[in-house]
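Observations on the model geometry
Residues per chain are reported as follows:
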Amino acid sequence: MTTNPLHTDELVVVTQGLTKHFGDFVAVADFDLEVTAGSIVALLGPNGAGKTTIVRMLATLTEPTQGKATVCGYDVVRNADAVRSVLSLTGQFAALEDNLTAQENLLLMARLRGYSRGPARRIVEGLIDRFDIGEFRDKLIKSVSGGQRRRVDLAASLVVQPRILVLDEPTTGLDPRSRQVVWSTIRDLVARGVTLFLTTQYLEEADALADHIVLIDHGRATAAGTPNELKARIGDQRVDVIAVDATGLDKLIDSLSANFELAIARERRMVSIPAPNDLADLNLVTAAVSGLGSLVDEIALRRPTLDDAFLALTGQSPDTVRASSDVEEAQV
Amino acid sequence: MSTLALSHVTRAAGETLPARPARIQRFTRETALLVGRGLRTIPRVPTRLSDVTIQPLVFTLLFLYVFGSAIHIPHMSYQNYLLPGLIGQSLAFGVIGAGVATATDFNSGVVDRFRSLPVTRLSVITAQVVGQILEQILGIAIVAGMGLALGWRPHMSPWGLLELVLLILLGLSAFTWFGVLMGMIVKSSDAMQGIGFAIVFPLSFLAGTFVPISGMKAVPRVIGEWDPLSALVAAIRSVTQGTPAQGSWQLEHPVVSMVGWCFLIIAICVPLALRKFRQSS
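This report concerns the structure included in the present document. Just so it is clear, the structure is predicted and the values come from calculations on it, not from any experiment. Within any chain, residue numbers begin from 1 and follow the written order of that chain's sequence. Chains carry letters and ligands carry numbers; both start at the beginning, A for chains and 1 for ligands, and go up in the order they are written. Predicted model: local features are reported for residues with pLDDT of at least 70 only, side-chain atom pairs are reported and counted for 80 or more only, and whole-chain, interface and lining totals are derived from all residues. To get the side-chain values, take all heavy atoms of the structure and skip hydrogens and water.

1. A look at the packing of helix H7 (residues 121-149) of chain B against helix H13 (residues 254-279) of chain B
All names here are of chain B. Interaxial angle, 0 to 180 degrees, is taken between N-to-C directions of lines fitted to C-alpha atoms, where a helix line uses only the stretch in contact. Working definition: helices are DSSP H or I runs of at least four residues, strands are E runs of at least two. Numbering for both runs from the N terminus. It is the contact of H7 with H13, at a shortest axis distance of 11 Å, that shows an interaxial angle of 125 degrees. With respect to H13, the element H7 is oriented oblique. The element H7 and its partner H13 pack so that their crossing is right-handed. Residues Arg 121, Leu 122, Val 124 and Ile 125 of H7 touch H13, and the partners they reach there are Ala 273, Leu 274, Phe 277 and Arg 278. Note that Gly is not counted as nonpolar here; it falls among the polar residues with everything else outside the nonpolar set of Ala, Val, Leu, Ile, Met, Phe, Trp, Tyr, Cys and Pro and the charged set of Asp, Glu, Lys and Arg. Among the residues forming the contact of H7 with H13, the class breakdown is six nonpolar, no polar and two charged. Here the angle decides the label: under 35 degrees means roughly parallel, over 145 means roughly antiparallel, 65 to 115 means roughly perpendicular, and every other value means oblique. Two helices cross in a left-handed way if the nearer one is turned anticlockwise from the farther one by less than a right angle. They cross in a right-handed way if the turn is clockwise. Residue contacts are counted whenever heavy atoms from the two residues lie within 4.5 Å of one another.

Structure follows, in structure tokens:
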């Protein structure tokens, strides 16, 4: 988490009852949000939760069905042009022209923002330095790696430094190293006074970057708070015990349920146990199943996932249709 | 409202953001930049041009030298009958080209980025149309050049040439806007290719492109007589060779019909395309 020296109480983004229907489908329902200047707000939720729709409404790409949203005081519908000059969007899929080079893409962006050739070139040189694009500046975008595309994409959003930068799933599909690079870029931006609004499917990412997290599912905000507040409510690490088969799972449940609080996911032949004391708890669980070794396929200590977070904060799995949603709370 | 926004835009790598000129100037400048972007990519994706280059060449050779030996047009050489038809067919195929390019562009996220910038939205869609028209002009020039080399002899005054150019530009505008609208509606470039081909291909064959409509069986003849593409082909043929076709009012007054069709298509498609573009999500 990064603290921003320029953090103020000024509200940069405000939404009230923001709602979007696509035909009968409710993508976003009654969504309220306040983002203060200099903060990093993460919208955390599974695929299809409505994150991108919210982002698109803020970026004036789609109009709300009901409710309102303002960016720096400008209404996203009535004053869309003004919103576009203070907000910069980096979409989920790198929005670059595949058949132009990295440099040509950036130049086009700078020219479109109104700069003539000379100043545009100087701006692009600055961005190429800052985002470490030099070594592939003359390669066509279609032939660079995913992490490199992301860097160009971010640079393209910063031709003019916006008041607010919106990042839609900035690291989805990136390898861990590229993810680290994107994260450090994001932290650097915040240090320069940009307000950040990002969406993510990764609890870890929201935790690492944001100072305020909003959980969203089925288009509704289901919980919100600082990472520490939310983590206190989610609980700590968990020990997962995976059985070799369904019968084994029943036997494991029998022997564990006396001493532990279990969450059971039958489809994955798994019981999951909170582990506030990390390794000590892992040892306790291992000891409890030591006589049943032949029934255990795997025991692992792991960090809470998005599923766990939703389960703990909202009492249900994020997407009840998903296979992994077969999680029932078995408290004995 | 844009002047208010300017006060918020800060520090662009040491360059001050230039003052925003009047809307019409911005529109022209942004359209030119976006058309430039499209043209610059053409030599890098030669396959994309095959639709407007190789395909018409294949049709020209195939019909001139394979089917042409079996087709006899009274009082004129087959070259002189075929080439105006092929030019009309190229124009019509522009619908598919424009639709596929639009669907591809709109799916790539690039267009969303342009739409999220403070640029006039009209320039984004205008650039799409202008870029497509320029590509089609290249294709038509190739067909015409090949035709002239293989014995096509148009009989036109300089005024006729001007009329032909204006007709082609009008036709390109109409069919390109139609294609752009279709591309936005269909969304998938594969589907656009399939649907476009399934509609335009048979209509272009029924349009008197390769054989006279008057010799067709009853059902195709009636379709051909009222097919908008027939007006297109007949108009081009009447301007280049001075030979109007016969069979229906539109074939007997091809230039007026073609102009009418084009304005009708433009009047319907342009507002719909602009509306779709503003709302598209």
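2. So, the side chain of Thr31(B)
Residues and elements named next belong to chain B. With respect to the helices, strands and loops of the structure, Thr 31 is situated in helix H2 (residues 23-41). The cut-offs for exposure are 20% and 50% of the maximum accessible area for each residue type, with area from a 1.4 Å probe on protein chains only; residues under the lower value are buried, those over the upper are exposed, and the others partly exposed. The exposure class of Thr 31 is buried, given its relative accessible area of 9%. In this view, Thr 31 contacts Ser 123, Thr 126 and Ala 127; residues no more than four positions away in its chain are not counted.

3. Quick word on the sheet that holds strand S7 (residues 164-168) of chain A
Residues and elements named next belong to chain A. For two strands to be treated as a pair, DSSP must find at least two bridges joining them. In space, the six strands of this open sheet follow the order S6-S7-S8-S3-S9-S10, with mixed pairing throughout. Every interior strand has two partners, whereas the edge strands, strand S6 (87-90) and strand S10 (220-225), have only one. Strand-to-strand, the axes of this sheet are offset by a mean angle of 20 degrees, without reference to chain direction. Taken together, the five bridges between S7 and strand S8 (residues 195-200) define a ladder with parallel strand orientation. The partner of Asp 168 across the bridge, within S8, is Thr 199. Relative to S8, helix H1 (residues 51-58) is tilted by about 150 degrees, and along the sheet it contacts strand S3 (40-44), S6, S7, S8 and strand S9 (212-217).

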